[in-house]
Structure formats: C-alpha cells, structure tokens
Amino acid sequence: MKTIKKITCIGAGYVGGPTMSVIAQKNPDVQVTVVDLNQARIDAWNDSDLNNLPVYEPGLDAVIAEARGRNLFFSTDVERAIDEADMIFISVNTPTKTYGKGKGQAADLKFIELCARQIAAVAKDDKIVVEKSTLPVRTAEALKSILDNTGNGVNFHILSNPEFLAEGTAVTDLHNPDRVLIGGEDETAIEALVNIYAAWVPRERILTTNLWSSELSKLVANAFLAQRVSSINAISELCEMTGANVDEVARAIGQDSRIGPKFLKASVGFGGSCFQKDILNLVYIARSYNLTAVADYWEQVIILNDHQKTRFAEKIIQTMYNTVNGKHIAFLGWAFKKDTNDTRESAAIYVADHLLDEEANIVVYDPKVSAEQIYKDLDYLGTRTPEENRRLVKVVDNPYGALDGAHAAAVLTEWDEFKTYDWAKIKKGMKKPSFVFDGRKLLDRKELNRLGFAYYAIGE
Ligand code: UDX
Ligand code: ADP
C-alpha cells in the first residue's frame, strides 16, 4: 500500500481551505500544502491575525492555529506543490457556464481542465489525483484523458471524493462526517485515501464506490436536500392562503421517522454555491440523455425557489401600499445563511434586485459580509450601473443604524443576533406603520405585534 507523505490541494476556497486544514490537523505526519493563484487569498490564509482568514467558519481558527506552519502550508507556488505531492486534490471552482452550449446550466470545467493540464505538465512521478470539486458525472474520464495524453508518461490514478460539508458548520461536519465517499477504480489508490480519513473517521463511515456513483451521489445528495427546501417552501404559500402555519406542518410531518425533522425550515429561498448549480447540472445531464421527464422534474425545484424569492419581494411591495419608491428598507442579513460570510446565490441579492427595480432605498447590515462584497453581488447582476447601485443601496456596520428611520425591516438571513436586538428601541426609530418582513421566521411574532409592528413571516 502506498503511504501518502505529501498532499497538495489546488484551490484555497470554501472547500479546499477548511478540508485541508482538518486533514492536516488529523494527520500530523502528512505535509499538506494548499495552493491558489489568488495571492490575496493565500496571504489571508497566512495572516497571523486569525480574524483575517478568507473563509469565516466557527472553529476554523483553532484548527489553523494547531496545524499551520507544522504540516499545513498555504502558497502560490502551484508547480512546486504539484511536483512534490503524492496525492493532489482538485478543489477549484466549477461555476455554471455563462456562455456557449449549456449556458446557464452546465458546469464550466475550464478551471478543472487547466489544473489537469498543469498537473500533467509538471508531474515527474506517479500521482493520485482526487476530484474534490463537485463535477458532472464522468468528468473523471475527461480528467484521465487529459492527464494521460499530455503527461510525461507517469501514472495517474483518479479518485472522486466529493465534499458534503455545509458552510457555517464546516469544521464540525469535517470532524464528524455522516460519511466520507470515495469513488475510484484502483484499489491501492482508494486505500491510500481511506487511510488519510481513517485517522479520525470510523471505517464504517468511509464508503467506497465506483467513480460514477461517487460523482453522481454528490449531485443527488444536494438535489434531494434542495428539493426538501422547495417542498416546504411550496407549502408555505399554501399555508399563507389557508391559515395553516408552516412550522406546525413541518413539525407534524417531521415526526414521521420516514420523513425526518431536518431541512424543513421554510425560508425566502435557498442559496449557496451548490444547490442551484448542482441541480442545473443534473438537469443538463438528464437532458443530454434525452430524459425529459427526469430533467423537468428536477428543474421544478429551481423554478419554485425563484418563485419564493420573487414572492417575498412582491409581498413587501404589496403590503407597503404597492409602492416602495424612495422608501427606506433595512435588510438584516445578506449571507445565504447564518454563520458564513458567503453570499453566493443568496436570496438577499435577488430580493434586493426586485425592490431596486421599484426604486426602493435599501440599507444593509450583515455581521460578516463586507460592503465591497454586497456591491460586487449587485454589480454582477448587471441590472443597473454600479453608480445606481451605490445610490440606492447603503451598507452599514451597525444594525440600529440600518433600522433608524426605516419604513420596513426585512430579515434575509437567520443570524441569531437579530433575535437579541432591542426591538422596542428599534420601533421608536422607525417610520409608522413599522413593517417587519421575516424571510426566515426568526423573530417572535407575539412580541413584535405587542410592540406595534406590522409583522409578516413566510408561511403564516
Ligand atoms: C450544501 C449541502 O448541505 C452540503 O452537504 C454540500 O456539501 C454543499 O451544499 P451549504 O450550501 O453550505 O451546503 O448550506 P445548507 O445548510 O445546505 O443550506 C443551503 C441553503 O438552504 C441555505 O440558503 C439555507 O438557508 C437553505 N435552507 C436550508 C432552508 O431554507 N431551509 C432548510 O430547512 C435548510
Ligand atoms: P469552492 O466553494 O468550491 O471552494 P471557491 O471559489 O471558494 O470555490 O475556491 C476555488 C479557488 O480555486 C479560488 O480561490 C480560485 O482562485 C482557485 N483556482 C481556480 N483555478 C485555479 C488554478 N488553476 N490553480 C490554482 N488555483 C485555482
């Protein structure tokens, strides 16, 4: 069996950074180097002030403090790290294509291909190459073809090892995974990776499959999770019409052990880098095999999610007498969920865009997301000019500052701190009637009603 002494991970993002940090923490004898082309990102990973890490994850600072400089290194020297490694993880981004065939659906694999070509060009001895990024089924085939055809005659073994960590709980998910999935063809390569995880994960939780099952399982896991959120969100609209309460319905059905209680929280819509991208990918693959019914079925999960975001924005406009023009709406939260600074596909972006079309003035407060990121997200949509976005949207670093003088507050992210605010004081500073639109069902309806707010929550 091959013993792995040096691991390199290409891509120091939300997946690569935390995953490699934990692998290094639990395997002190293995040297782990995480490389990225982005110098600023690597500098941030190396920052002596652990508050400046590029990814905010509870508990990550302690892991980094333990392993960094011991057997965990962050660098921009990609070639050297490839050359030295026995095992190379590919953890680069695979965004949805914005051009050409499969635009808006298929995964853009250009970063993956660039990595493969670079590995092939540099490698002078046999390597195990591990797909960590989420990829369409049968990407391993393309990877192998590039490596074998452009390499220096050395052997490459490809493994698929999809990441199931959720942001905000990445460190606990990595420390205590429900399962680790490893797909591959070569038993020795599989065993080498199993041994890395076995340093802290019980063997019975390390599943091995063929390559294609592993690649597909990642897409399917995310599709099932997203489907649950869209299912409960669909019911939230029905609840609003019928007088049922979606939390009560979720509790009632979740007690059925066949259904289970998790992932049944109605919301303004799911976001994050994975759900939408992975479902679009699944839909694209199904269509490419002419499986129209299968593709349509999964596409509906996205359609419902888009509907939920639009519906929330429409509810705000309609409730505020059908006009938000020039009105001050305070956004509590911008991240796609609590305990992360990640904003990719966050519902907040699309709700804001809708309200800005109606010329609302939005003031955003998020405990972890920077003003720069918020403007970047809005500019990226291309709906209006950067100047317009800066005219209509202000970002503040104090929640009371965001809410002072507001016509309405909208809760977009379920940050715990929003519950602890002095809502009586906030009420005094807001315009009357004072509206609260709770897209996360986070706040206490009774208390807010008692204070005189006009309170609207999803699914009630
Ligand atoms: C997800 C998967 O959970 C993880 O296994 C995979 O590796 C990556 O994608 P992540 O995107 O980090 O993780 O977050 P997750 O906790 O799954 O939440 C996704 C979105 O769904 C968030 O916007 C969240 O607010 C929303 N959500 C989740 C709900 O609206 N209701 C729920 O009940 C659960
Ligand atoms: P994820 O959520 O999948 O981790 P991120 O976008 O957070 O995605 O991180 C991916 C990282 O991969 C980025 O920091 C990007 O700079 C890096 N990257 C992309 N292509 C390459 C490459 N060829 N070599 C090194 N780093 C790369």
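Residues numbered from 1 in each chain as written. Chains lettered and ligands numbered in written order. Predicted model: local features only at pLDDT ≥ 70, side-chain atom pairs only at ≥ 80, totals over all residues. Heavy atoms only, no water.

1. Details of the site of ligand 1
The environment of ligand 1 is made up of 20 residues, and the closest members are F164, E167, S267, K337 and R440. A distance of 3.2 Å separates an oxygen atom of ligand 1 from a polar side-chain atom of K218. At a separation of 3.3 Å, an oxygen atom of ligand 1 approaches a polar backbone atom of L264. Considered on its own, ligand 1 offers 670 Å² of accessible surface; in the complex 90% of this is hidden by protein. Looking at the shell around ligand 1, the element that brings in the most residues is helix α9 (residues 211-242), giving four residues. Among the residues making up the shell around ligand 1, the classes are represented as 11 nonpolar, three polar and six charged. (Near = heavy atom within 4 Å. Polar contact = N/O pair within 3.5 Å; in protein donor to acceptor, adjacent residues only side chain to side chain. Areas by Shrake-Rupley, 256 points an atom, 1.4 Å probe, with all protein chains shown as cover. Helix = DSSP H or I, 4+ residues; strand = E, 2+ residues; numbered from the N terminus. Nonpolar A, V, L, I, M, F, W, Y, C, P; charged D, E, K, R; others polar.)

2. Observations regarding helix α8 (residues 187-198)
For an α-helix, 3.6 residues make a turn, and residues three or four places apart therefore share a direction. The end-to-end C-alpha distance of α8, which contains 12 residues, comes to 16 Å, matching closely the 16 Å that a straight helix rising 1.5 Å per residue would cover. Those residues of α8 lying buried are A189, I190, A192, L193, V194, I196 and Y197. (Expected span 1.5 Å × (residues − 1). Buried < 20%, exposed > 50% of the residue type's maximum accessible area, 1.4 Å probe, protein only.)

3. Points about the sheet that holds strand β4 (residues 87-90)
The strand order across the open sheet built from eight strands is β3-β2-β1-β4-β5-β6-β7-β8, with neighbouring strands paired in mixed fashion. Two strands in the sheet have a free side with no partner beyond their single neighbour: β3 (72-75) and β8 (206-209). The average undirected angle you get between the axes of adjacent strands in this sheet is 25°. Judged from the five bridges that link them, strand β5 (residues 127-131) and strand β6 (residues 156-160) form a sheet pairing that is parallel. Bridge pairing in β6 links V129 to I158. Along the sheet face, helix α6 (residues 139-150) touches β4, β5 and β6 and points at about 160° away from the line of β6. (Pairing = 2+ DSSP bridges. Axes fitted to C-alpha atoms, helices over the stretch in contact; angles between N-to-C directions. Contact = heavy atoms within 4.5 Å.)

4. Re the sheet that holds strand β10 (residues 361-365)
One open sheet accounts for six strands, arranged β11-β10-β9-β12-β13-β14; its pairing is parallel. Of all the strands in the sheet, just β11 (393-395) and β14 (454-457) have a single pairing partner and so form its edges. Within this sheet the neighbouring strands show an average axis-to-axis angle of 20°, counted without direction. Across four bridges, the pairing between strand β13 (residues 435-438) and β14 is parallel. Counterpart to D438 in the pairing with β14 is A457. Packed on one face of the sheet, helix α14 (residues 371-381) meets β10 and β11 and runs near 155° to β11.

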